[in-house]
Amino acid sequence: MRRLIFIFMLSVVFSAKAQQPTIKNGLESFVKSNTIYPMFALDNCIQGTIEVGFKLDKAGKVTYATITKGIGADLDAEALRLIKLSSGKWQIPVGYDTTFLIRSPMKFSLQDYGCENINPGSVGLAINRYKDELQSINKIANFYRNIEQGIENFIEEEKIIALKEEVGIDDHFINRKIAIAEKKINQSDLQSACEDFKFVKYMGSKKADKLLAKYCK
């Protein structure tokens, strides 16, 4: 059976007497229970350590979050999403400095997924390809946003269709994206789910339209 292995460490520098914020069962357990390994990283055996910096207010809500050391693929966004998902679940000690930046390294690793003997060089090439594909995806999205606003370009449409084929935006891709968004709904992460549904829409598909109307008003 394929297994996804996640190792997470909370790295915070406090004085010896200071108490740390805590989350029920620990951050590692929270992340293991909620991680949805993103499509590109999963398909290309992208693994590694991502560091997220975040701040908490006195109510245990995440007020700021950023990638302080990323990989450069969609795995970065998942690490950031997980920290945001933890908002409101932290217990904050009395006197805690809410301006303090917590730096949390998260190690993502795939085991028994055919990635054991993967060439590191091919992973690096995949990450570079991801950056190129992002540019293509943005071009596709802009095209369909223009259509939504009544701006159509029939000459450009053929190029966009060819670009979608090149990037791999097909029914299988769209169905996977929707399935991921539905998992996020089950985690009560409507914001991220709606971003995925909108992504589907702006890839020229109507498959997420009903879900957009239901969850993203």
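In this numbering scheme, every chain counts its residues from 1 along its sequence in written order. Owing to the predicted nature of the model, reporting of local features is limited to residues with pLDDT of at least 70; listing and counting of side-chain atom pairs is limited to 80 or more, with chain, interface and lining totals taken over all residues. The side-chain figures draw on all heavy atoms in the structure; neither hydrogens nor water molecules are used.

## As for the environment of P38
Here's step 1: Numbering of helices and strands runs from the N terminus, with a helix taken as a DSSP run of H or I at least four residues long and a strand as a DSSP run of E at least two residues long. The residue P38 is located in the loop between helix 1 (26-34) and helix 2 (39-43) in this model.
Here's step 2: Only protein chains enter the accessibility calculation, which uses a 1.4 Å probe; a residue whose area is less than 20% of its type maximum is buried, one above 50% is exposed, and one in between is partly exposed. Accessibility expressed as a relative area gives 11% for P38, which makes it buried.
Here's step 3: With 68 residues separating them along the chain, P38 and M106 place their C-alpha atoms 15 Å apart.
Here's step 4: Once you skip the residues sitting within four places of it in the chain, P38 turns out to touch D74, L75 and E78. The contact rule is simple, with two residues in contact once any of their heavy atoms fall within 4.5 Å.

## Regarding the state of the cysteines
Here's step 1: Note on disulfides: each one is a pair of cysteine sulfur atoms within 2.5 Å. If you walk through the whole model with that rule in mind, you get two disulfides.
Here's step 2: Residue C45 pairs covalently with C115 via a disulfide, S to S 2.1 Å. Measuring the twist about the S-S bond at about -75°, one finds the C45-C115 disulfide to be left-handed. On the criterion of sequence distance, the pair formed by C45 in the loop between helix 2 and strand 3 (48-56) and C115 in the loop between strand 6 (102-111) and helix 4 (120-148) is long-range, its members being 70 residues apart. The same class applies to C45 and to C115, which are both buried.
Here's step 3: Numbered by order of appearance in the sequence, the disulfide-linked cysteines of the protein chain pair as 1-2, 3-4.

## So, the packing of helix 1 against helix 3 (residues 74-85)
Here's step 1: Here the axes come from fitting lines to C-alpha atoms, over the contacting stretch only for helices, and the angles between their N-to-C directions go from 0 to 180 degrees. As a packed pair, helix 1 and helix 3 sit with axes 10 Å apart at the nearest point and diverge in direction by 115°. By crossing handedness, the relation of helix 1 to helix 3 is classed as right-handed. Within the contact between the two elements, helix 1 uses L27, F30, V31 and N34 and helix 3 uses E78, R81, L82, I83 and L85.
Here's step 2: Each residue receives one of three labels: charged for Asp, Glu, Lys and Arg, nonpolar for Ala, Val, Leu, Ile, Met, Phe, Trp, Tyr, Cys and Pro, and polar for the others, Gly being one of them. When its residues are assigned to classes, the contact of helix 1 with helix 3 shows six nonpolar, one polar and two charged. Put simply, a crossing is left-handed when the front helix is turned counterclockwise from the back one by less than a right angle, and right-handed when it is turned clockwise.

## Structural notes on the nonpolar core
Here's step 1: Within this scheme, the nonpolar core is defined by two criteria: the residues are buried Ala, Val, Leu, Ile, Met, Phe, Trp, Tyr or Cys, and they are joined through side-chain atoms within 4.5 Å. In terms of nonpolar packing, the biggest core is built from 36 residues, with I46, F54, L56, I83 and F108 touching the most fellow members.
Here's step 2: For this core, the secondary-structure elements that each account for two or more residues are helix 1, helix 2, strand 3, strand 4 (62-69), helix 3, strand 6 and helix 4.
Here's step 3: For this core, the element with the highest residue contribution is helix 3, accounting for six residues.
Here's step 4: In this entry, domain limits derive from an automatic or database-based domain assignment. Residues from two domains meet in this core; each of domain 1 (22-108) and domain 2 (120-212) gives at least three.

## Considerations on unusual backbone geometry
Here's step 1: One non-glycine residue, N25, lies in positive phi territory at about 65°.
Here's step 2: Take N25: it is sitting in the loop between strand 2 (22-23) and helix 1.
Here's step 3: Judged by its relative accessible area of 64%, N25 falls in the exposed class.
Here's step 4: Of note, the phi angle at S188 is positive, near 65°, even though the residue is not glycine.
Here's step 5: Looking at where S188 falls in the secondary structure, it is placed in the loop between helix 6 (171-186) and helix 7 (190-201).
Here's step 6: Residue S188 is classed as exposed on the basis of its relative accessible area, which comes to 63%.

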